[in-house]
Amino acid sequence: MLASTGDVEPDLVVGQDIPTEAATPRVLTIISHVMEKLVARNEWLAKQTKVFGKSLEAFHGVRAPSISIGKYLERIYKYTKCSPSCFVVGYAYIDRLAHKYPGSLVVSLNVHRLLVTCVMIASKMLDDVHYNNEFYARVGGVSNADLNRMELELLFLLDFRVTVSFRAFESYCFHLEKEMLLNGHTSSLQDNGPVQESLSAASSLSTLYV
């Protein structure tokens, strides 16, 4: 569960169970792997420089959550039922932040909060039906007030650039597929049913997300 500064930690939505590996889109596994590598590198940099940067302070928790990034993404997917493409777009938001604010590091203290905020905003952009902030807060283990604040902070950090073109979306999919192949997986993202569907959906919306 994520710690909320100054707040009592809210209860999780429904127990602690998570979906099985077979029910989890492959793209979530790859994104979690990429994020874990990023956090590990940034943790090392932070120890060397003693600096985290200030741009992402709004997403810092009191302590690093005990749940892994992979299990956290699975939890979000299971309970919010957002489309797999939301996780790719959420990853794109974090990549934009990393390029725009290179001095502010994505670390264990902020990565979970960043992920739930990014996926929630992506769901609002991509999915016809989505849950509200209060539900995402309960799933993510943060207070509703904190999630509302983080959503607004993220929008300003991104200059409200939360649309992702089909070309950019496709580029991120290829990048993630490359990461998967480099780490010993043999099948491609396109072979995974849910991602295939999300690619098709994104293609039909390519004129909107430019």
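Up top you'll find the structure we're talking about.
Got a minute to help me understand the overall build of the chain in this structure?
Each helix and strand in the chain was counted, giving eight helices and zero strands. Ordered by position from N to C terminus, the α and β elements of the chain give α-α-α-α-α-α-α-α. A total of 210 residues make up the chain; the buried ones form 50% of that total.

For this particular structure, what's the right way to read the layout of surface pockets?
For the largest pocket, the calculated volume is near 330 Å³. Lining the largest pocket are 18 residues, and of these Leu38, Arg41, Asn42, Asp95 and Ala98 lie nearest its centre. Elements supplying a minimum of two residues to the lining of the largest pocket: helix H1 (26-49), helix H3 (85-100) and helix H7 (166-182). Here the element with the most residues in the lining of the largest pocket is H1; it accounts for six residues. Tallied by class, residues from the lining of the largest pocket come to ten nonpolar, four polar and four charged.

It is not clear to me how the packing of H1 against H3 should be interpreted in this structure. Could you clarify?
For any two helices packed against each other, one specifies the inter-axial angle together with the distance between the axes. Interaxial distance between H1 and H3 falls to 10 Å at its minimum, and their mutual angle equals 20 degrees. Put simply, H1 runs roughly parallel to H3. Between H1 and H3 lies a crossing of left-handed hand. Counted together, Val27, Leu28, Ile31, Val34 and Met35 of H1 and Phe87, Val88, Tyr91 and Ile94 of H3 form the full contact between these two elements.

What should I look at first to understand the nonpolar core in this one?
As a rule of thumb, soluble globular proteins bury nonpolar side chains together. Counting 55 residues, the largest nonpolar core has Phe87 and Tyr93 as its most contacted members. For this core, the secondary-structure elements that each account for two or more residues are H1, helix H2 (69-80), H3, helix H4 (111-126), helix H5 (133-140), helix H6 (144-157) and H7. Setting aside anything within four residues of it in sequence, one finds Phe87 in contact with Leu28, Ile31, Leu73, Ile76, Tyr77, Cys82 and Val119.

Could you clarify how one ought to interpret the pattern of salt bridges in this entry?
Pairing of side chains with opposite charge becomes possible as their charged atoms draw close. This model, assessed by the stated rule, comprises six salt bridges. When the shortest N-O distance is used, the salt bridge between Glu179 and Lys37 registers 3.2 Å. Of this pair, Glu179 sits in helix H7 while Lys37 sits in helix H1, and the two are 142 residues apart along the sequence. Among the residues examined, Lys37 registers a relative accessible area of 42% and is labelled partly exposed. Linking Glu151 and Lys124 is a salt bridge whose minimum nitrogen-to-oxygen distance equals 2.7 Å. Linking Glu151 in helix H6 with Lys124 in helix H4, this pair joins segments that are 27 residues apart in sequence. The partly exposed category is assigned to Lys124, whose relative accessible area is 31%. Through salt bridges that share partners, Arg113, Asp146 and Arg149 make up one connected network.

What exactly am I supposed to notice about unusual backbone geometry here?
If a residue is not glycine, its phi is most likely negative; likewise, a peptide bond is most likely trans. Although it is not a glycine, Lys81 adopts a positive phi angle of roughly 55 degrees. Within the secondary structure layout, Lys81 lies in the loop between H2 and H3. A residue is classified by how much of its surface remains accessible, and Lys81, at 63% relative accessible area, is exposed. At Asp159, a residue that is not glycine, the phi angle is positive and equals roughly 55 degrees. For Asp159, the position within the fold is in the loop between H6 and H7.

So what exactly am I meant to see when it comes to empty space enclosed by the protein here?
Picture a little ball the size of a water molecule; that probe, rolled over the atoms, points out where space is still empty. All chains considered together, the criterion is met by two cavities of 30 Å³ or more. Computed from the structure, the second largest cavity encloses a volume of approximately 30 Å³. Contributing to the lining of the second largest cavity are Ile31, Leu73, Phe87, Gly90, Tyr91, Ile94, Leu115, Cys118 and Val119. Mapped onto the lining of the second largest cavity, the elements with two or more residues apiece are H3 and H4. Among the elements that take part in the lining of the second largest cavity, H3 stands out by supplying four residues, more than any other.

Parameters at a glance
- Residues numbered from 1 in each chain as written.
- Predicted model: local features only at pLDDT ≥ 70, side-chain atom pairs only at ≥ 80, totals over all residues.
- Heavy atoms only, no water.
- Helix = DSSP H or I, 4+ residues; strand = E, 2+ residues; numbered from the N terminus.
- Buried < 20%, exposed > 50% of the residue type's maximum accessible area, 1.4 Å probe, protein only.
- 1 Å grid on protein atoms, 1.4 Å probe; cavity = no way out; pocket = protein on both sides within 12 Å on 5 of 7 lines; lining within 4 Å.
- Points joined across faces, edges and corners; volume = space filled by probe spheres on them.
- Nonpolar A, V, L, I, M, F, W, Y, C, P; charged D, E, K, R; others polar.
- Axes fitted to C-alpha atoms, helices over the stretch in contact; angles between N-to-C directions.
- Parallel < 35°, antiparallel > 145°, perpendicular 65-115°, else oblique.
- Left-handed = near helix turned anticlockwise from the far one by under 90°.
- Contact = heavy atoms within 4.5 Å.
- Core = buried A, V, L, I, M, F, W, Y, C linked by side-chain atoms within 4.5 Å.
- Salt bridge = Lys/Arg side-chain N within 4 Å of Asp/Glu carboxyl O.

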